[in-house]
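A look at the structure
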Amino acid sequence: MNDKARLNYDAFTTLLEHHNMVVTAAEVHGVVCGLICGGLAQNDIRWQQHFNGLLNDDFALPAEVQKAVNMLFSRIFEQLQNQNQFELLLPEDDESLDERLDAMMEWSAAFLAGFGVVQQELNKASEELQEMIQDISSITQVSSDFDQEDEESETAFVVLYEHLKLGAILAFEEFGSGQSQANRPTIH
């Protein structure tokens, strides 16, 4: 599997299943986004410990999965810096709306978990970000049972998707773009 393929939803799902991982590609992406947006710098290796604690019962990842997650971490960090390139890792548009919504809810819950592990001072966030975090929390509770897959439901999905992107970008702007605590100079 080439590096580009590893970073698409279906290929990432296949990789996780091949290694008997019990997490989804959406959860992996959500946790990594949450860790970055919560304040871990690109050069802060603690993200791997937090990731393993949240998604792999504190065990190290298989080498192939670790390589793919490392690439994902780097890609997400770069995408958040270039806001117009940031996208959530969810099933493609040709998948059922229920499947895409389930993945969106998984992504949202995973984002909040990753963000919460790193960012313990949400009270220092702007009012806008605090509201956005509440919105993301609400998205984890959205009913995934649609009576029909129609244009109105598709539009609602796109609105939620764009809202999640905006929330991640806003969190990154407020908490995620600084140096890691471990690498900041100590002032005496």
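Residues numbered from 1 in each chain as written. Predicted model: local features only at pLDDT ≥ 70, side-chain atom pairs only at ≥ 80, totals over all residues. Heavy atoms only, no water.

It is worth spelling out the pattern of salt bridges at this point. Summed over the entire model, instances satisfying the criterion amount to six salt bridges. In this structure, Arg46 engages Asp44 in a salt bridge whose closest nitrogen and oxygen atoms are separated by 2.6 Å. The shortest N-O distance in the salt bridge between Arg100 and Asp93 comes to 3.9 Å. On the basis of relative accessible area, Arg100 is assigned to the buried category, the value being 1%. Residue class for Asp93 comes out exposed when judged on its relative accessible area of 64%. When salt bridges that share partners are traced, they join Glu87, Glu162 and Lys165 into one network. (Salt bridge = Lys/Arg side-chain N within 4 Å of Asp/Glu carboxyl O. Buried < 20%, exposed > 50% of the residue type's maximum accessible area, 1.4 Å probe, protein only.)

A few words now on the nonpolar core. In this structure, Phe51, Trp107 and Phe111 are the most contacted members of the largest nonpolar core, which totals 55 residues. Excluding residues within four positions of it along the chain, Phe111 makes contact with Gly30, Val31, Cys33, Gly34, Cys37, Ile133, Ile136, Ala168 and Ala171. (Core = buried A, V, L, I, M, F, W, Y, C linked by side-chain atoms within 4.5 Å. Contact = heavy atoms within 4.5 Å.)

Mean pLDDT for the chain: 86, with 87% of residues reaching 70 or above. Element-level mean pLDDT values for the chain span from 48 in helix H1 (residues 3-6) up to 96 in helix H3 (residues 25-38). Counting contacts from residues 1-6, a segment whose pLDDT is below 50, to residues more than four positions away or on other chains yields 14 contacts. Contacts of residues 179-188 to residues separated by more than four positions or lying in other chains number nine contacts, the stretch itself having pLDDT below 50. (pLDDT = per-residue confidence, 0-100. Helix = DSSP H or I, 4+ residues; strand = E, 2+ residues; numbered from the N terminus.)

Let us now look at the packing of H3 against helix H6 (residues 97-118). The relative placement of two packed helices comes down to the angle between their axes together with the axis-to-axis distance. It is the contact of H3 with H6, at a shortest axis distance of 6 Å, that shows an interaxial angle of 35°. Judged by the twist between their axes, the crossing of H3 over H6 is right-handed. Contacts between H3 and H6 involve Ala26, Glu27, His29, Gly30, Val31, Cys33, Gly34, Leu35, Cys37 and Gly38 from the former and Ala103, Glu106, Trp107, Ala110, Phe111, Gly114, Phe115 and Val118 from the latter. Counted by class, the contact of H3 with H6 contains 11 nonpolar, five polar and two charged residues. (Axes fitted to C-alpha atoms, helices over the stretch in contact; angles between N-to-C directions. Left-handed = near helix turned anticlockwise from the far one by under 90°. Nonpolar A, V, L, I, M, F, W, Y, C, P; charged D, E, K, R; others polar.)

Moving on: the side chain of Asp44. Tracing the chain through its elements places Asp44 in the loop between H3 and helix H4 (46-55). Note on Asp44: relative accessible area 4%, which makes it buried. A distance of 2.6 Å separates polar atoms of two side chains, one belonging to Asp44 and the other to Arg46. (Polar contact = N/O pair within 3.5 Å; in protein donor to acceptor, adjacent residues only side chain to side chain.)

Attention now moves to H3. For H3, spanning 14 residues, the distance from its first C-alpha to its last is 20 Å, which sits close to the expected 20 Å at 1.5 Å a residue. Within H3, 13 of the 14 residues are buried, which leaves it mostly tucked inside the rest of the structure. The positive-phi residue at the C-terminal boundary of H3 is Gly39, with phi of around 135°. (Expected span 1.5 Å × (residues − 1).)

On to H4, then. Among all positions in H4, only Trp47, Phe51, Asn52 and Leu55 are buried. Relative to the axis of H4, the buried residues are bounded by an arc of 130° and lie together on one face. Against H3 and helix H5 (63-81) lie the buried residues of H4. (Arc of directions from axis to C-beta.)

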